[in-house]
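# Architecture at a glance
Residues per chain, in single letters:
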Amino acid sequence: MATGEPAPPARRFLHVCYCCDDTGPVTSFFTEALAMRNTMSTPPERSSGAILGLPGEVEGSAAFVYDGRGPRVSPAIEVQSWLDPKLVGEPVQDPSGVGVHALGFGVADVDAAVAALTERGCRMVGHGEWLAHKRWATVRDANGVTLDIVGDDAVPSGETRMRHLRITCTDLSVSVPWYEGVGFEVLGQERVTDATVVGLDGPVDAVAARLRLPDEPFEVLLIEWKDPKSHGRHYAEPNHAGIFRAAVGVDDTRAAYEAMSGAGWTFDRAPMLVELKGTPVPDMWICFISDPDGVPFEFVERPRSAFVKS
């Protein structure tokens, strides 16, 4: 944890990484079932695994899928396939298991969205009114990854909006200051006493906190489960199936690393210059830092000029 107070560096989400063994079916699923757009794909290739803390070279491919607002406004789902090393593990499905649990989407019509998802192999977990009395449905896709579908009257009919990353934490009193130090603002907290919507039967006791970065509305939804109690830790392997990490944009990766390290923050690895072959995105400095429960966040050097105001 930090002992000082450097300026919080993060401004917006860039992407959330969905790890799988084949980008094709996952990309098609998001474009067909949730009206998203595949705007950039890279073929399978070998590259250094150092940025992810892996020795030697790794092999895989990636596709970047955005909602209808497009890549200069919407965060992306980075659909990443793992060929070498191969994909391991299963996505977390117990809502009280610590770590990234679900990727959330806003839609105009929850029932229509769920129908489209179930037609493409998703399984219903629960539905009803949940946080802030929002219309809510939770489903699992064919790979076992959990998706939250939330009603939002501001979303145009037939479209989808990237909405939130749902994370189970061990202790909100520890996690919230960490996220604030990165750049998040707390929008509010809510007590949870019923969680059948996300797959927990019977009475529960939990607290959910909504946080967001300053430049766009995608949120982190942090939940501390008290009964049943939050347990475990986010998986450590970057090739683990499911939602593994998230990237946020910063003005200067190396400056953020130096300022935060000097104030007592611990990073997973020092900044590295990454060449993005075959894409229109310029090479950039990247480093990784993990939250108190091991959820990795990627600091990516992306100037505000690369985005339109959302």
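Below is a short write-up of the structure. (Residues numbered from 1 in each chain as written. Predicted model: local features only at pLDDT ≥ 70, side-chain atom pairs only at ≥ 80, totals over all residues. Heavy atoms only, no water.)

### As for the side chain of Ser 230
To keep it simple, the criterion reads: Runs of H or I in DSSP of at least four residues are treated as helices and runs of E of at least two as strands, each being numbered from the N terminus. Should any heavy atoms of two residues lie within 4.5 Å, those residues are considered in contact.
Tracing the backbone through its elements, the reader meets Ser 230 in the loop between β12 (219–227) and β13 (242–250). Ignoring any residue separated from it by four or fewer positions in sequence, one finds Ser 230 in contact with Ser 96, Val 98, Thr 168, Cys 169, Thr 170, Ile 223, Glu 224 and Trp 225.

### Considering the pairing of β13
How we decide: Relative accessible area decides the class of each residue, using a 1.4 Å probe on protein chains only: under 20% of the type maximum gives buried, over 50% gives exposed, and in between gives partly exposed. At least two bridges found by DSSP between two strands is the condition for calling them paired.
Judged by how many residues are buried, β13 sits mostly within the fold: 9 of 9 residues are covered. As defined by bridge partners, strand β1 (residues 10–20) adjoins β13 across 7 bridges and the pair is classed as antiparallel. Opposite Arg 12, over in β13, you have Gly 249 as the bridge partner. Looking at chain direction, β13 and strand β16 (residues 296–301) are connected through 5 bridges and run parallel.

### Here we look at the sheet that holds strand β6 (residues 123–129)
Defined as follows: Angles shown run from 0 to 180 degrees and are taken between the N-to-C directions of axes, each axis being a line fitted to C-alpha atoms and, for helices, limited to the stretch in contact.
Within the open sheet, the 8 strands sit side by side as β6-β7-β8-β5-β9-β12-β11-β10. Their pairing is mixed. Looking at strand neighbours, the two that pair on one side only are β6 and β10 (185–195), the edges of this open sheet. Between one strand axis and the next, the sheet turns through 25° on average, direction left out of account. Summarising the sheet, strand β5 (residues 99–107) and strand β9 (residues 160–169) pair through 8 bridges and their orientation is antiparallel. If you follow Val 107 over to β9, its bridge partner there is Thr 160. Against the sheet, helix α2 (residues 110–119) engages β5, β6, β7 (135–140) and β8 (146–151), with an angle of about 155° to β8.

### Let's talk about the state of the cysteines
Test applied: When two cysteine sulfur atoms are found within 2.5 Å, that pair is recorded as a disulfide.
Within the structure shown, the criterion is met by 0 disulfides. With no disulfide partner, Cys 20 has as its closest neighbouring cysteine sulfur the one in Cys 19, 7.5 Å distant.

### Some points on the environment of Lys 86
Tracing the sequence through the fold places Lys 86 in the loop between β4 (76–81) and β5. We classify Lys 86 as exposed; its relative accessible area is 62%. Put simply, Lys 86 and Asp 291 are 205 residues apart on the chain and 25 Å apart in space, counted from C-alpha to C-alpha.

### Structural notes on the packing of aromatic side chains
Selection rule: Geometry of aromatic contacts follows a simple scheme: Phe, Tyr and Trp rings, the Trp one being its six-membered ring, pair when their centres are within 6.5 Å, and the pair is stacked under 30 degrees between planes, edge-to-face over 60, tilted otherwise.
Across all of its chains, the model carries 16 aromatic pairs by this definition. Judged by centre distance (6.5 Å) and plane angle (55°), the ring pair of Phe 13 and Phe 297 falls under tilted. Residue Phe 13 is found in strand β1, and its partner Phe 297 is found in strand β16; the two are separated by 284 residues along the sequence. When its relative accessible area of 1% is taken as the criterion, Phe 13 is described as buried. Taken together through their ring pairs, the aromatic side chains of Phe 13, Trp 178, Tyr 179, Phe 184, Phe 218, Trp 265 and Phe 297 make up a single cluster.

### Here's the deal with the nonpolar core
Where we set the bar: For our purposes a nonpolar core is just a set of buried Ala, Val, Leu, Ile, Met, Phe, Trp, Tyr and Cys residues, chained together by side-chain atoms within 4.5 Å.
Core analysis: the biggest nonpolar cluster contains 60 residues, and Phe 30, Ile 77, Phe 105, Phe 297 and Phe 299 have the highest contact counts within it. With residues up to four places along the chain from it excluded, the contact list for Phe 30 reads Tyr 18, Ala 35, Met 36, Val 65, Ile 77, Phe 105 and Leu 147. The next biggest cluster of nonpolar side chains, apart from the first, holds 18 residues, and it includes Cys 19, Ile 51, Ala 247 and Met 284.

### Section: helix α3 (residues 172–182)
Residues Leu 172, Ser 175, Val 176, Trp 178, Tyr 179, Gly 181 and Val 182 constitute the buried set of α3. With its phi angle positive at about 140°, Gly 183 sits one or two positions after the end of α3.

### Focus: the sheet that holds strand β2 (residues 37–48)
One open sheet holds the 8 strands; their spatial order is β2-β3-β4-β1-β13-β16-β15-β14, and the pairing between them is mixed. Lying at the two open borders of the sheet, with one neighbouring strand each, are β2 and β14 (269–274). Averaged over all adjacent pairs, the angle separating strand axes in this sheet is 25°, with direction ignored. Relative to strand β3 (residues 57–66), β2 runs antiparallel, the two sharing 9 bridges. Each bridged residue has a counterpart across the sheet, and for Glu 45 the counterpart in β3 is Gly 60.

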